[in-house]
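Structural overview
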Amino acid sequence: MAKMNIIQAVNDALHLAMKSDDNVVVLGEDVGKFGGVFRATVGLQAEFGEDRVIDTPLAEAGIIGAAIGMALYGVKAVAEIQFSDFIFPAYDQIVNELAKYRYRSGGEYPCPMVIRTPVGGGIRGGHYHSQSPESLFVHHAGLVVVAPSNPYDAKGLLLAAIDSPDPVMVLEPKRIYRGPDHGKNWGSHPKGEVPEAHFTVPIGKAAIARELTGEGTPVTIITYGAMVHTCGKAAEEAAKEGIDVELVDLRSLQPYDLDAIVASASKTGRVVIANEAPRMCGYAAEMSAVVTEHCFDWLEAPVTRVTGYDTPFPYTLEFAYLPDTGRVLKALRDVATYA
Amino acid sequence: MSDNLGTTAPHVSVEPVSVMAPDGTVLDQDFVDTIPEADLVALYEAMLAQRVYDDRMIKMQRQGRLGFYLACTGEEACSYGPAYALQAQDWFYPAYREPGIALWRGMPFQAWIDNMVGNCDDPVKGRQMPVHWTARAQNIVSISSPVGTQIPQCVGSAYAAKLRGDDAVSICFFGEGTSSEGDFHVGLNFAGVWKAPAIFFCRNNGYAISTPYEKTTAAKHIALRAHGYGIRGVVVDGNDILAVIKVVREAAEWGRAGHGATLIEAKTYRIAAHSTSDDPTSYRTREEEAHWGERCPLKRLRAYLETKGLWDEAREQACITASSERVISALGVAEGKPHPDLDTVFDDVFAERPAHLQAQYSELKAHLASGQSAYKPK
Ligand SMILES: Cc1ncc(C[n+]2csc(CCOP(=O)(O)OP(=O)(O)O)c2C)c(N)n1
C-alpha cells in the first residue's frame, strides 16, 4: 500500500494504464508538458511522448469529438476537461454523439472512452470553477458516470473506466483532491491507502462509508463525492445525539447500486440524501424517488434532501451556499425525530 | 483601405502594423501627430499605474488577502490602446485580461478593487471570482470565465446597433488560445454574413496557460482566419500602443462606414503568469521572458516620451509611488467593507424571486442564525 491523495491516485492509474496498453491516449488542455492545471497528468508526456499525451488546442468540442473518433477507431482516449464548468462546448458531442453511438448504430459502433473532469465547489472558484453538473449527464442514457470520494476509489474507478466497454465520465471532486478536509491531507487518513498495483473498483457498486453501530436511531445518508466527507462529519456529530448513521457512498451514479440503496433504506426507514448541486432536478431528486418507490412501506420519515440552492454558485458567500455539516446534521435530526 | 462592396474580399494583411520601434524610434510620425502629447503622457501613466496595480495585487494574493488575481503585465497596450481609440457609445466585451478598458473608460477605481475583494460594493455582488467585473455605465459587458462566449455576443450587439441606426461599434477581446473555440469561428462567420460593425481583438500573447502558439494553430497568423470569413484582418505589434490605437481606429471607421468587421491580431507576450494559480517556470524559459521584457509596451512609449522631454525618472518614480499608494489604500478600504448581504445569493436569479427561492433563502437564514453554518459572516 502507498499513501496517495486523489491527484496522485489518478496520476498513478493513468500511468499504469498507459504502461500496460500502448493503445491508451491522454488528451486535453495543458495536460502534456505542464501536467494539467491540477497536476493529474504530471510526468505522463515525459514517459509516453507527445503523440500519446496530447496538449490540445483550447476547444472542448474538439477534445471530445476527436476522442470519440479515436474510440470508434479503436484507440482508448482518456480526455481531460479542465473544469467541468467548461465542458459545455462539448455538450453536443457528449449528449448527442458519445451517449448514443452504440444505440444509434445498432450496436456497430460502441464508443468506449473516458472523460475525467474536476467538479464541485469549496475552492473559491465562483460560478465557473465550482459547479456540479452530474445530473446533466446521468439524464442522457448511454453515459456511465462515476464520482469517487477518496484516493482508493479514484484509482480503482478510473482503471475500471478505462477497461469499460462504455463511455465513462469520471467526476473528480476537486475540493478533496489533496485531502478530505481543508488543512488535513490524505496521508493521515485511512482512505489515503492505495495499492500500487492495478486494481479496479466495480462500476455500479456503492460502498458503505460508515456502518451502523446499533446505538441510537438508525438513519441512512446517501451521497457521493466530496459530500461523503461532509456527511461523515455530520454522522460523527449525530452519534453524540443518539443518531446512528449508515453512510452510503454511491461511487457510481449511472448505473447506481439499487440493492445497496434499498438494503440500507429499508433497514433504517429514515433517509437523508445529500448532493452539492442545486436542488431542482439534482441527483438527490432521483435518489429520493428511487427510495420512495422501492422502500415506501419501510419509511418512518419523509425522505429529506440536503443540496445546494437553486442559484448560480456564488464566490464570497460560497461557504454559506455549500451544503455543510450543520445542514446535514439538521436533516438528520429532522428525520430521526420525525413522528 | 480596400472596399468591401465588389467581388474582392476585404483585405487581410499579416505585415505587423507598427508606429514605434521597440526602442521608441518613431516609424510613422504622421500617426503620432494625431495624438495630443498630453494623451500620450496620460496613456503612459495609466499603463505604468496598471503595472503597479498588477504587481501589488499579486503580492496581496500571495499574502492571502485576495482569493485570486490575473495580471495583464506586458499586454497593457492591448487594453489601454483600444479603450483610448474607441468612443463613449461603443460596446466592449472584455475577456479577463483587459483592466485598461475598465479604468480608462471610467469605471470607478474603488469599484474595480471592490470586485477583487468581492465585498458588498462589488458591482457583481461578490458572485464571481476576482477580475470578473462589470461596468454597464461604460458600456462594458460582464466578464465570463468560459472563454470565447463573448465573441458571437459582440456580433449580436454590433448588429443590434446597426439595426437601430446607431453609430456604435462593438469590440471583443480574447487570447489566441480562445481562437480554437467554436464560438470564435461562429462569431466571425456571423459578422461576415451580417456585415456587423464588430472588432475582434485577439491578444496573441504566445500562450494559453501552458499551451504555446504552435499547439493552438498550424496557421502562421490568427489574422489569416479573417480571410475565410470574408472580413478584414490585420496584424499589429501589440506592444506598440500607438499602433494598436491606429488599427482599432481604422477598424472602427471601417465598421461605422458600413463595411463590417475586422479581426485584429495583436502580437504580444504574457510576461505575467497566466494567473496566481499558474507557475510558468515549467513550460517556458527565463530567456524568452527576458527577451519579451525588453520589448514591453511601457519601455517603448517611455523612450519616446523621454526623447520629447515629456517624461523623466522623477516622474516615473512619482507615478509608481502614487499608484502604489492608490491601490494599497483602495484595497484597505475594500477589505474593511462587509461581505455582500445574504440576499445577493438569491437575488437576480430572476427579475423576481420565486417562491422556492424565497423558501431556500429563509432556510439559509435560519441555518446561519442557528450558529451551525460553516460560513462566518463579515
Ligand atoms: C471554455 C473554457 N475552457 C477552458 C478554460 C480554462 N482556461 C482559462 S484561461 C485559459 C487559456 C486561455 O488562453 P488565451 O485564450 O490564449 O488567453 P490568455 O489567457 O493567454 O490571455 C484556459 C484554458 C476556460 N476558462 N473556458
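All figures in this text were calculated on a predicted structure; none of them were measured in a lab. (Residues numbered from 1 in each chain as written. Chains lettered and ligands numbered in written order. Predicted model: local features only at pLDDT ≥ 70, side-chain atom pairs only at ≥ 80, totals over all residues. Heavy atoms only, no water.)

1. Re the packing of helix H2 (residues 37-62) of chain B against helix H5 (residues 109-117) of chain B
All names here are of chain B. As a reminder, the rule being used: Note on method: axes are straight lines fitted to C-alpha atoms, helices fitted across the in-contact stretch only, with angles between N-to-C directions ranging 0 to 180 degrees. Secondary structure is summarised from DSSP: a helix means a run of H or I of at least four residues, a strand means a run of E of at least two, and numbering begins at the N terminus for each. Under this scheme an angle from 65 to 115 degrees is roughly perpendicular, one under 35 degrees roughly parallel, and one over 145 degrees roughly antiparallel; angles in between are oblique. The handedness criterion is simple: a crossing whose near helix is rotated anticlockwise from the far helix by less than a right angle is left-handed, and one whose near helix is rotated clockwise is right-handed. Throughout, a residue-residue contact means that at least one pair of heavy atoms, one from each residue, lies within 4.5 Å. Side-chain classes follow a simple rule in which Ala, Val, Leu, Ile, Met, Phe, Trp, Tyr, Cys and Pro form the nonpolar group, Asp, Glu, Lys and Arg form the charged group, and the remainder, Gly included, forms the polar group.
Put simply, H2 and H5 touch, their axes get as near as 13 Å, and they point 25° apart. In terms of their interaxial angle, H2 and H5 are classed as roughly parallel. Seen from above, H2 lies across H5 with right-handed handedness. Residue-level contacts link Gln-50, Tyr-53 and Met-57 of H2 to Phe-109, Trp-112, Ile-113 and Met-116 of H5. Here the residues of the contact of H2 with H5 are counted per class, giving six nonpolar, one polar and no charged.

2. A closer look at H2 of chain B
Put simply, the rule is: By definition here, a helix of n residues has an expected span of 1.5 Å times n minus one.
Between its terminal C-alpha atoms H2 of chain B stretches 38 Å, which fits the 38 Å expected from 26 residues at 1.5 Å a residue. Phi turns positive, to about 85°, at Gly-64 of chain B, one or two residues after H2 of chain B.

3. Observations regarding the pattern of salt bridges
Residues and elements named next belong to chain B. Heads up, the rule is: Salt-bridge detection follows one rule: a side-chain nitrogen of Lys or Arg within 4 Å of a carboxyl oxygen of Asp or Glu. Type-normalised accessible area, obtained with a 1.4 Å probe on protein chains alone, sets the label of each residue: buried when under 20%, exposed when over 50%, and partly exposed for intermediate values.
Applying the stated criterion across every chain yields a total of 42 salt bridges over all chains. Measuring nitrogen to oxygen at the nearest pair gives 2.9 Å for the salt bridge that ties Lys-337 to Asp-121. Placement of Lys-337 in the loop between helix H13 (313-336) and helix H14 (343-346) and of Asp-121 in the loop between H5 and helix H6 (150-164) is noted, with a sequence separation of 216 residues between them. On the basis of relative accessibility, which here comes to 16%, the residue Lys-337 falls in the buried class. Overlapping salt bridges, with partners in common, bring together Glu-75, Arg-97, Glu-98 and Arg-203 in one network.

4. Here we look at the side chain of Ser-180 of chain B
On the secondary structure map, Ser-180 of chain B appears in the loop between strand S3 (170-175) and helix H7 (182-194). Each residue touching Ser-180 of chain B, except ones within four places of it in the same chain, is listed here: Pro-57, Leu-58 and Ala-59 of chain A together with His-185, Thr-216 and Arg-225 of chain B.

5. What about the domain arrangement of chain A?
Residues and elements named next belong to chain A. The cut-off we apply is this: All the domain ranges listed were derived from an automatic or database domain assignment. When two components associate, each loses some accessible surface as probed by a 1.4 Å sphere; the sum of these losses over both components is called the buried area. The definition of a polar contact used here is a pair of N or O atoms within 3.5 Å, where within protein one atom must be able to donate a hydrogen and the other to accept one, and adjacent residues in sequence count solely through side-chain atom pairs.
On domain assignment, one finds that chain A holds domain 1 (2-194) and domain 2 (207-337). Centre-to-centre, using C-alpha coordinates, domain 1 lies 26 Å away from domain 2. Contacts between the two partners involve 31 residues from domain 1 and, on the opposite side, 28 residues from domain 2. Three residues, Arg-124, Glu-134 and Arg-175, lead the burial of domain 1 against domain 2; their summed loss comes to 24% of the area buried on that side. Counting the contacts that link domain 1 with domain 2 gives two salt bridges. Between Asp-153 and Arg-251 there is a salt bridge whose closest N-O contact spans 3.0 Å. At the junction of domain 1 with domain 2, the criterion picks out 15 residue pairs in polar contact (both at pLDDT 80 or more). Elements represented by at least two residues in the side of domain 1 that touches domain 2 include exactly helix H6 (134-138), strand S6 (144-146) and helix H7 (151-163).

6. Considering the sheet that holds strand S1 (residues 12-17) of chain B
Across a sheet, strands are paired by hydrogen bonds formed along the backbone, either parallel or antiparallel in direction. Residues and elements named next belong to chain B. Filter applied, for reference: Any two strands are treated as partners once DSSP identifies two or more bridges connecting them.
Here six strands make up an open sheet; going across it, the order is S1-S7-S8-S4-S3-S2 and the pairing parallel. In this open sheet, the two edge strands, each paired with only one partner strand, are S1 and strand S2 (91-93). Shown here is a sheet whose adjacent strand axes are inclined to one another by a mean of 20°, direction ignored. Looking at chain direction, S1 and strand S7 (residues 232-237) are connected through three bridges and run parallel. By the bridge assignment for S7, Val-17 is matched with Val-236. Sheet strands in contact with helix H10 (residues 241-256) are S1, S3, strand S4 (198-204), S7 and strand S8 (262-267), and its direction is about 165° off that of S7.

7. Side note on the sheet that holds strand S13 (residues 271-278) of chain A
Residues and elements named next belong to chain A. Spatially, the five strands line up as an open sheet ordered S9-S11-S10-S13-S14, and their pairing is mixed. Edge positions in the sheet fall to strand S9 (207-210) and strand S14 (304-308), since each has one partner strand and no second. For this sheet, the mean angle separating the axes of adjacent strands, direction not counted, is 25°. The pairing of strand S10 (residues 217-223) with strand S11 (residues 243-249) spans seven bridges and is parallel. In the sheet register, Thr-220 faces S11, and the bridge partner there is Glu-246. Against the sheet, helix H8 (residues 227-239) touches S9, S10, S11 and S13, its axis set at about 165° to S11.

8. Regarding the site of the ligand
Cut-off, in case you're wondering: One heavy atom within 4 Å of a molecule or strand is enough for the residue carrying it to be called near that molecule or strand. Only the protein chains shown count as covering a residue, and every accessible area follows the Shrake-Rupley method with a 1.4 Å probe.
Looking at the ligand, there are 21 residues lining it, with Glu-60 of chain A together with Tyr-96, Arg-97, Thr-178 and Tyr-207 of chain B nearest. Neighbouring residues of the ligand are not confined to one chain but are distributed across chains A and B. Within the side chain of Glu-176 of chain B, a nitrogen or oxygen atom sits 3.3 Å from an oxygen atom of the ligand. Taking His-274 of chain B, its side chain carries an N or O atom lying 3.4 Å from an oxygen atom of the ligand. When isolated, the ligand has an accessible area of 580 Å², and the protein chains bury 97% of it. Its residues placed into classes, the shell around the ligand shows eight nonpolar, seven polar and six charged.

9. Focus: the pairing of strand S5 (residues 114-119) of chain A
All names here are of chain A. In terms of residue burial, S5 counts as a mostly covered element, since six of its six residues are buried. Neither face of S5 is left uncovered, since the one carrying Val-114, Arg-116 and Pro-118 and the one carrying Ile-115, Thr-117 and Val-119 both have all their residues buried. The pairing of strand S4 (residues 76-80) with S5 spans three bridges and is classified as parallel. The residue bridging Ala-79 from the neighbouring strand is Ile-115, located in S5. The sheet contact formed by S5 and strand S7 (residues 168-173) spans six bridges and is parallel. Following the sheet pairing, Thr-117 is matched in S7 by Leu-171.

10. Thoughts on the interface of chain A and chain B
If you look at the interface, chain A gives 39 residues, while chain B gives 45 residues. Each partner contributes to the roughly 3400 Å² buried at the junction of chain A and chain B, and carbon and sulfur atoms together form 60% of this total. One salt bridge in this structure joins Glu-363 of chain B and Arg-327 of chain A, with 3.6 Å as the shortest N-O distance. Seen at the junction of chain A and chain B, the total is 13 residue pairs in polar contact (both at pLDDT 80 or more). Residue assignment for the side of chain A that touches chain B shows that the elements contributing at least two residues are helix H11 (318-321) and helix H12 (325-337) of chain A. When residues of the side of chain A that touches chain B are assigned to their parent elements, the largest contribution, four residues, is made by H12 of chain A. In terms of residue class, the side of chain A that touches chain B is built from 19 nonpolar, nine polar and eleven charged.

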